[in-house]
Amino acid sequence: MNERKEDFPELVAHFAPPGGGAKTAGKKKIFATEAIRRIAQIRLARKCPRNLRNVVERLILLASDGDVTAADVRLILPTSDSRSESGGGSSTGSATGTLAERTEAFEREVMMAEIRRHNFHMTNVARALGLERSHLYKKCQQLGIDLQSLRKPE
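Residues numbered from 1 in each chain as written. Predicted model: local features only at pLDDT ≥ 70, side-chain atom pairs only at ≥ 80, totals over all residues. Heavy atoms only, no water.

J.: Residues and numbers for the overall build of the chain, please.
T.: Looking only at helices and strands, one finds 9 helices and 0 strands in the chain. Counting from the amino terminus, the chain carries its helices and strands in the arrangement α-α-α-α-α-α-α-α-α. Put simply, the chain has 154 residues, and 40% of those count as buried. Sequence-distant contacts in the chain: of pairs separated by 6 or more residues, those separated by 24 or more amount to 60%. A total of about 8,500 Å² of accessible surface is found on the chain, and carbon and sulfur atoms cover 51% of it. (Helix = DSSP H or I, 4+ residues; strand = E, 2+ residues; numbered from the N terminus. Buried < 20%, exposed > 50% of the residue type's maximum accessible area, 1.4 Å probe, protein only. Contact = heavy atoms within 4.5 Å. Areas by Shrake-Rupley, 256 points an atom, 1.4 Å probe, with all protein chains shown as cover.)

In structure tokens, the structure reads:
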């Protein structure tokens, strides 16, 4: 798949059908051109169609309401540009990287899902995660979650 980046829009459309797949039933999303371009840069997604399908499904499930944007790709798969290129951990479910990298990726995923689920109501997010609000903000900062850019569409 590495050599066929021009096929990514069709492949993403195939894995994100209008009615949603089995795992994404009822969640219809349209992928912005820039989002598809970012997905094509993710080494794990380029390795095989099954990995690409997993990336697309994760984006459909965790992206904000509406279409999937480049910001969603960057925030939901933040390690895709840096660590996956160097062989490190990735938040796309791969079993590579150190324990600390895998734990950080998992924490980031959980935090992002809760933030979106509670529509940025940080008191409810903190309550759902069993954290003090101040600790939640510190944890977001540690994990590289930029709440300001999350709230603004690109």
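J.: Break down the packing of helix H1 (residues 8-15) against helix H4 (residues 49-62) for me, citing the residues and quoting the values.
T.: One can describe the packing of H1 onto H4 by two numbers: an axis separation of 9 Å at closest approach and a directional angle of 65 degrees. Remark: the crossing between H1 and H4 carries right-handed chirality. For the pair H1 and H4, the contacting residues are Phe8, Leu11, Val12 and Phe15 in the first and Pro49, Leu52, Arg53, Val56 and Ile60 in the second. Across the contact of H1 with H4, the residue classes tally to 8 nonpolar, no polar and 1 charged. (Axes fitted to C-alpha atoms, helices over the stretch in contact; angles between N-to-C directions. Left-handed = near helix turned anticlockwise from the far one by under 90°. Nonpolar A, V, L, I, M, F, W, Y, C, P; charged D, E, K, R; others polar.)

J.: Break down helix H6 (residues 99-117) for me, citing the residues and quoting the values.
T.: Side chains of residues three or four places apart in an α-helix project in the same direction, reflecting 3.6 residues per turn. The terminal C-alpha atoms of H6, which comprises 19 residues, lie 27 Å apart, in line with the 27 Å expected from a rise of 1.5 Å per residue. All of the buried residues in H6 are Ala105, Arg108, Glu109, Met111, Met112, Glu114, Ile115 and Arg116. Contacts from the buried residues of H6 go to H4, helix H5 (70-76), helix H7 (122-129), helix H8 (133-142) and helix H9 (147-151). Remark: Asn119 follows H6 within two positions and exhibits a positive phi of approximately 50 degrees. (Expected span 1.5 Å × (residues − 1).)

J.: Please give an account of the pattern of salt bridges that cites residues and values.
T.: Going through the model one piece at a time under the given rule, you end up with 7 salt bridges. Between Glu34 and Arg37 there is a salt bridge whose closest N-O contact spans 2.4 Å. With Glu34 and Arg37 both in helix H2 (residues 33-41) and 3 residues apart, the pair spans about one turn of that helix. Between Glu104 and Arg108 there is a salt bridge; the shortest N-O distance is 2.7 Å. Residue Glu104 and its partner Arg108 are located together in helix H6, separated by 4 residues, close to a single helical turn. (Salt bridge = Lys/Arg side-chain N within 4 Å of Asp/Glu carboxyl O.)

J.: Lay out the nonpolar core in plain terms, naming residues and giving numbers.
T.: Of all hydrophobic cores here, the largest spans 22 residues; its most connected members are Phe31, Ile39, Leu52, Val56, Leu59 and Val73. Listing elements by their share of this core, those giving two or more residues are H1, H2, H4 and H5. Top contributing element to this core by residue count: H4, with 6 residues. Ranked by size, the runner-up nonpolar core spans 14 residues in total, among them Leu75, Met112, Cys140 and Leu147. (Core = buried A, V, L, I, M, F, W, Y, C linked by side-chain atoms within 4.5 Å.)

J.: Break down the side chain of His118 for me, citing the residues and quoting the values.
T.: Tracing the backbone shows His118 in the loop between H6 and H7. Polar side-chain contacts of His118 include one of 3.4 Å to the side chain of Arg117. Beyond its immediate sequence surroundings of up to four residues, His118 is in contact with Asn124, Val125 and Ala128. (Polar contact = N/O pair within 3.5 Å; in protein donor to acceptor, adjacent residues only side chain to side chain.)

J.: Kindly report on the environment of Glu57, identifying the contributing residues and their values.
T.: Topologically, Glu57 is positioned in helix H4. It is 7.3 Å that separates the C-alpha atoms of Glu57 and Ala16, two residues lying 41 residues apart in sequence.

J.: I'd like a rundown of H7, residues and numbers included.
T.: Met122, Val125 and Ala126 are the residues of H7 that are buried. End-on view of H7: buried residues confined to an arc of 95 degrees, all on one side of the axis. Where H7 is buried, its residues contact H6, H8 and H9. In the segment just after H7, Gly130 is the residue with positive phi, at about 70 degrees. (Arc of directions from axis to C-beta.)

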